[in-house]
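Residue-level structural notes
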Amino acid sequence: LFRSGTAYSFGDENKVIKITIDESEARAANHLKNKTLKYVIPIYDVFKFKTEGMNKWYGIIEGKASKISNQDKMYFDMYRNLILQNLNLDVEDVAVNSPWKLPWPEIKKRVLKNTKPDPDEHNVAKEGFQFLENLEFDKLLGELVENEIEYFDVHAGNFMSYRGRFVLVDLGGDSVSPGAIPNILEKRK
């Protein structure tokens, strides 16, 4: 099922319009619209297009971000995988709750404890936490929790750089939030 969105320039050099059919993203973006956040791309407007058929199309006006390096993407995903493999969470719990909702110190404690028997893996885990904390990923996760966003879709493709800071640019992927479905776009004069 296609759900990811695509961002397009539209004449404002500081903003893009993202088109998506991911309702969870539209709801989360609507919930965060006009909030001043450090680790989520600024969201200026969210709306639903008047469409017919099965797919509902949404538009999100957000800040224009820059790509992060391929090397940073590679390391991010590698360390993310290491964390997920060593959290030792109940399979049923992971299916219902995002592991990224856990407090960062708890994630760190579990992974370092579970990698301790293998000195090489333990060292890689320590390097990984240092890398992710340098990106302030731990603070990003905390900001999502503070704003009632339960985020599941953690991978390097959903993060970019905005004004020199590592930020989340894709709030979809079955995220859970108290956000409402956006209103249908009215003709703007």
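Scroll up for the structure.
The sections below set out a description of the structure shown in this document. Note that the structure is predicted; figures quoted are calculated from it, not measured.

1. Examining helix H1 (residues 23–32)
- Among the 10 residues in H1, eight count as buried, and that is most of the element.
- Within H1, the full set of buried residues consists of Ser24, Glu25, Ala26, Ala28, Ala29, Asn30, His31 and Leu32.
- Residues of H1 that are buried sit in contact with strand E2 (15–20), strand E3 (43–48) and strand E4 (58–63).
- In the stretch just after H1, Asn34 is the one whose phi turns positive, near 65°.

2. So, helix H4 (residues 104–115)
- Helix length check: H4, at 12 residues, gives a terminal C-alpha distance of 16 Å against a target of 16 Å (1.5 Å per residue), a fit within 8%.
- For H4, the set of buried residues is Trp104, Ile107, Val111 and Thr115. The arc that holds every buried residue of H4, seen down its axis, measures 60°, which confines them to one face. Every exposed residue of H4 that faces more than 90 degrees away from the buried side is listed here: Pro105, Lys109 and Lys113.
- Buried positions along H4 lie against helix H2 (70–86), helix H5 (119–134) and helix H6 (137–146).

3. Observations concerning empty space enclosed by the protein
- A complete count under the given rule lists one cavity of 30 Å³ or more for this structure.
- Around the largest cavity, the lining residues are Trp100, Lys101, Leu141, Leu144, Val145, Ile149, Glu150 and Tyr151.
- Considered class by class, the residues forming the lining of the largest cavity number six nonpolar, no polar and two charged.

Parameters and conventions
- Residues numbered from 1 in each chain as written.
- Predicted model: local features only at pLDDT ≥ 70, side-chain atom pairs only at ≥ 80, totals over all residues.
- Heavy atoms only, no water.
- Buried < 20%, exposed > 50% of the residue type's maximum accessible area, 1.4 Å probe, protein only.
- Helix = DSSP H or I, 4+ residues; strand = E, 2+ residues; numbered from the N terminus.
- Contact = heavy atoms within 4.5 Å.
- Expected span 1.5 Å × (residues − 1).
- Arc of directions from axis to C-beta.
- 1 Å grid on protein atoms, 1.4 Å probe; cavity = no way out; pocket = protein on both sides within 12 Å on 5 of 7 lines; lining within 4 Å.
- Points joined across faces, edges and corners; volume = space filled by probe spheres on them.
- Nonpolar A, V, L, I, M, F, W, Y, C, P; charged D, E, K, R; others polar.

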